[in-house]
Amino acid sequence: VWITRFWDADSERSYQELFDKLDTNNDGKVDVAELRAGLKKMGMFRHGAAQIVLTGDQNQDGCLDFTEFTKYLKDHEMKLRLTFKSLDRNNDGRIDASEIQQALAELGIEINREAAQKILQSMDIDGSMMVDWNEFREHFLLYPAFNLEEIIRYWKHSLVLDIGDSLSIPDEFTEEEKSSDVWWKQLVAGAAAGAVSRTGTAPLDRLKVFMQVHSSKTHRINLIGGFRQMIMEGGLMSLWRGNGINVLKIAPETAIKFMAYEQYKKLLSSEGKKIETHKRFIAGSMAGATAQTAIYPMEVLKTRLTLRKTGQYAGMFDCAKKILRKEGAIAFYKGYVPNLIGIIPYAGIDLAVYETLKNTWLSYHAKDSANPGVLVLLGCGTISSTCGQLASYPLALVRTRMQAQASLDVSDQPSMSSLLRTIVAKDGFFGLYRGILPNFMKVIPAVSISYVVYEYMKTGLGISK
């Protein structure tokens, strides 16, 4: 690597030579494009260039002069020194594969010995299968991530992806984020992204609910026919029925889930230790159940408002009043049992698939970069959420049917098991997957809208770094 030939930590000349090498147009400044080209030539992950310039650019002119460049390198090296010391568990001045494994395990990433050695090899210049301070510094000097926690931050996913179901495990926040205002800003950005995403995909969501409740073997509803039916009955705007309350429930659900998750994590984990994946799943599922219990009446209202005919209800309060008067308070918890049971397969499979995809990516690419890039992140999140939905869909269908039944007599209400048996007897096994097509059709637009809005919100709230 060409950086090695002139790198000397204490020499001003070494900084100057490196700077001159990067400054290809000789204007006394290094911009993002020049730095990116330089990193590429060094065989490094060049997408870190923008972050380096952003961090070191003190006069906000969009590039680094020699003074800014030198200051960035010196500050960065100090941080790298601390990271190196934290990795070097036995204080022998070198890092081996087991120390890399141990450090990643504490951050919730389990990798095998072979993967740890691959990471080590990417830094090991002399072939000793050990990395000393000089090798470590050289590898990470022009690499913006100086902390192993950075790897985890790239792998956050649940806040960004809102596909209309909030059953996934809540996100992790570092202690640093919790003590600053970053955590609530991320929650606000996530809620706003969810609101725009749900509104954008509301027609497909309404069609899904419509097909779950009204479609059967004898009365088939297809995509075009379903949309035509809804537009003929209530006009174009009727496609957004039920969206208001669907958006409204994001804020209380997110807040309750986040607070409950933090409390359950404290109960399940030892003081000062990172929570293990299985305990994180238990805490996340319990937090999801707590949030669902608190906001479940809004779920029932959403289903009724989504399925309402023109003029049936004046609004959500009128709908709540009529349900309470005709069916009693218990009606607000119709379908609660299948909904609660559905959290386990959804959250479990979502987390398991995501962790598997994440660890697979890391085992092949962690030596090149901690940052997998937007497409990999969105791909992993989309696949894991879709698998979770697929597993819990029959329970979601039963829940929706139970919510939709406006029976005055509680004894007339079919139980979850009898409803499952009836659907399978009438429509076969695939009857449990009615409405799955519009549900899957909304995943990619929902994820895309969520991500774009989330990034804009983060920039607006000042947490875009």
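None of the values given here were measured: they were computed from a predicted structure. Numbering of residues begins from 1 in every chain and follows the order in which that chain's sequence is written. Restriction of local features to residues with pLDDT of at least 70 applies here, the model being predicted, together with a cutoff of 80 or more for giving and counting side-chain atom pairs; totals for whole chains, interfaces and linings are based on all residues. The side-chain quantities take in all heavy atoms of the structure and omit both hydrogens and water.

Visitor: Talk me through the overall build of the protein chain; I want residue IDs and the actual numbers.
Guide: Secondary structure is summarised from DSSP: a helix means a run of H or I of at least four residues, a strand means a run of E of at least two, and numbering begins at the N terminus for each. Scanning the protein chain from N- to C-terminus turns up 21 helices and four strands. Expressed as a percentage of the 465 residues in the protein chain, the buried residues total 49%. Residue pairs in contact within the protein chain that sit at least 24 positions apart in sequence constitute 70% of those at least 6 positions apart. Buried means the residue's accessible area, taken with a 1.4 Å probe over protein chains only, is under 20% of the maximum for its type, while exposed means over 50%, and partly exposed covers the values in between. By definition in these notes, contact holds between two residues if any of their heavy atoms fall within 4.5 Å.

Visitor: Account for the environment of M123, with residues named and values stated.
Guide: You can see M123 is positioned in helix α6 (residues 113–123). M123 gets classed as buried once you look at its relative accessible area, which sits at 7%. Sequence-distant contacts of M123, that is, excluding residues within four places in its chain, are made with I100, V131, E135, F136, H139 and F140.

Visitor: So what's going on with the confidence of the model for the protein chain? Residues and values would help.
Guide: For the protein chain, mean pLDDT is 80; residues scoring 70 or higher make up 81% of the total. Residue-level confidence of the predictor is what pLDDT reports, using numbers from 0 through 100. Within the model, pLDDT remains below 50 along residues 1–9, and this stretch shows 25 contacts once partners closer than five positions in the same chain are excluded.

Visitor: Can you tell me about the environment of L73, naming the residues and giving the values?
Guide: Position of L73 among the secondary structure elements: in helix α4 (residues 66–87). What makes L73 buried here is its relative accessible area of 0%. Distance from L73 to I52, taken between C-alpha atoms, is 9.6 Å for residues 21 residues apart in sequence.

Visitor: Outline unusual backbone geometry, listing residues and values.
Guide: A positive phi angle is found at Q60, which is not glycine, with a value near 55 degrees. Mapped onto the fold, Q60 is located in the loop between α3 (49–56) and β2 (63–65). Phi at N91 takes a positive value of approximately 50 degrees, unusual for a residue other than glycine. Considering the arrangement of structural elements, one finds N91 in the loop between α4 and β3 (94–95). Assessed through its relative accessible area of 65%, N91 is described here as exposed.

Visitor: Please give an account of a nonpolar patch on the surface that cites residues and values.
Guide: Together, I231, L236, M237 and W240 give the surface a local cluster of nonpolar side chains, amounting to about 410 Å² of exposed area. In this fold, M237 is placed in the loop between α12 (223–234) and α13 (243–248). Note on M237: relative accessible area 63%, which makes it exposed. Only residues whose relative accessible area exceeds 30% and that form no salt bridge are eligible for patches; like-charged ones are grouped when within 9 Å, while nonpolar side chains (Val, Leu, Ile, Met, Phe, Trp, Tyr) are grouped when within 5 Å. With residues, only the protein chains shown are counted as cover, and all accessible areas are computed by Shrake-Rupley using a 1.4 Å probe. Salt bridge, as used here, is a side-chain nitrogen of Lys or Arg placed within 4 Å of a carboxyl oxygen of Asp or Glu.

Visitor: Any chance you could break down helix α21 (residues 443–460) for me, citing the residues and the numbers?
Guide: Helices are assigned an expected span. That span is 1.5 Å times one less than the residue count. For α21, spanning 18 residues, the distance from its first C-alpha to its last is 25 Å, which sits close to the expected 26 Å at 1.5 Å a residue. Along α21, the residues that are buried comprise V443, A446, V447, S450, V453, Y454 and K458. For α21, the angular spread of buried residues about the axis comes to 145 degrees, placing them on one side. For α21, the exposed residues lying more than 90 degrees away from the buried face are I444, Y456 and G460. Check the buried side of α21 and you find it contacts α10 (182–200), α18 (374–404) and α20 (436–441). The arc refers to the directions leading from the helix axis to the C-beta atoms.

Visitor: Can you lay out the packing of aromatic side chains for me, pointing to particular residues and giving the numbers?
Guide: A pair of aromatic rings is counted whenever rings of Phe, Tyr or Trp (Trp by its six-membered ring) have centres within 6.5 Å, and the orientation is called stacked for planes under 30 degrees apart, edge-to-face for over 60 and tilted otherwise. Per the counting criterion, the structure on display carries nine aromatic pairs. Centroid distance Y296 to Y333: 5.7 Å. Interplanar angle 25 degrees. Geometry classified as stacked. Taken together, the residues Y296 in helix α15 (residues 277–307) and Y333 in the loop between α16 (316–327) and α17 (336–365) connect sequence positions 37 residues apart. Residue classification places Y333 among the partly exposed positions, given a relative accessible area of 35%. On the numbers, 5.5 Å between centres and 75 degrees between planes, the contact of Y333 with Y336 is edge-to-face. Taken together, the ring pairs connect Y393, F429, F430 and Y433 into an aromatic cluster.

Visitor: Which residues make up the side chain of D350, and what values do they have?
Guide: Note on placement: D350 falls in helix α17. Here a polar contact is recorded for every N or O atom pair within 3.5 Å, except that within protein the pair must consist of a potential hydrogen donor and a potential acceptor, and residues adjacent in sequence are included only if both atoms are side-chain atoms. Polar side-chain contacts of D350 include one of 2.8 Å to the side chain of S384.

Visitor: Tell me about the packing of α10 against α21, residues and numbers included.
Guide: In this analysis, axes come from line fits to C-alpha atoms, helices being fitted only over the stretch in contact, and the angle between any two N-to-C directions falls in the range 0 to 180 degrees. Following both chains from N to C, one finds α10 and α21 inclined at 145 degrees, their axes separated by 8 Å at the closest point. When you trace α10 past α21, the crossing you get is right-handed. Facing α10, whose interface residues are Q186, V188, A189, G190, A192, A193, V196, S197 and G200, α21 presents A446, I449, S450, V453, Y454, M457 and K458. Tallied by class, residues from the contact of α10 with α21 come to ten nonpolar, five polar and one charged. For any helix crossing, the convention is left-handed if the near helix is rotated counterclockwise from the far helix by under a right angle, and right-handed if that rotation is clockwise. When residues are sorted by character, Ala, Val, Leu, Ile, Met, Phe, Trp, Tyr, Cys and Pro go into the nonpolar class, Asp, Glu, Lys and Arg into the charged class, and all the rest, Gly among them, into the polar class.

Visitor: Let's hear about helix α14 (residues 250–268): which residues, and what values?
Guide: Across its 19 residues, α14 extends 26 Å between first and last C-alpha, which sits within 8% of the 27 Å expected from 1.5 Å per residue. Taken residue by residue, α14 has I250, E253, K257, F258, A260, Y261, E262 and K265 as its buried positions.

Visitor: Tell me about the environment of G235, residues and numbers included.
Guide: Here G235 is to be found in the loop between α12 and α13. Along the backbone, G235 and T310 are 75 residues apart, and their C-alpha atoms lie at a distance of 9.4 Å.

Visitor: Describe the pattern of salt bridges, listing the residues and the values that go with them.
Guide: In total, this model carries twelve salt bridges according to the counting rule given. Put simply, K442 and D205 hold a salt bridge, and the shortest N to O gap is 3.6 Å. With K442 in the loop between α20 and α21 and D205 in helix α11 (residues 202–214), the pair connects residues that are 237 residues apart, well separated along the chain. K458 serves as the salt-bridge partner of E455, at 3.7 Å between the closest nitrogen and oxygen. Linking E455 with K458, this pair stays in helix α21, spanning three residues, or about one helical turn.

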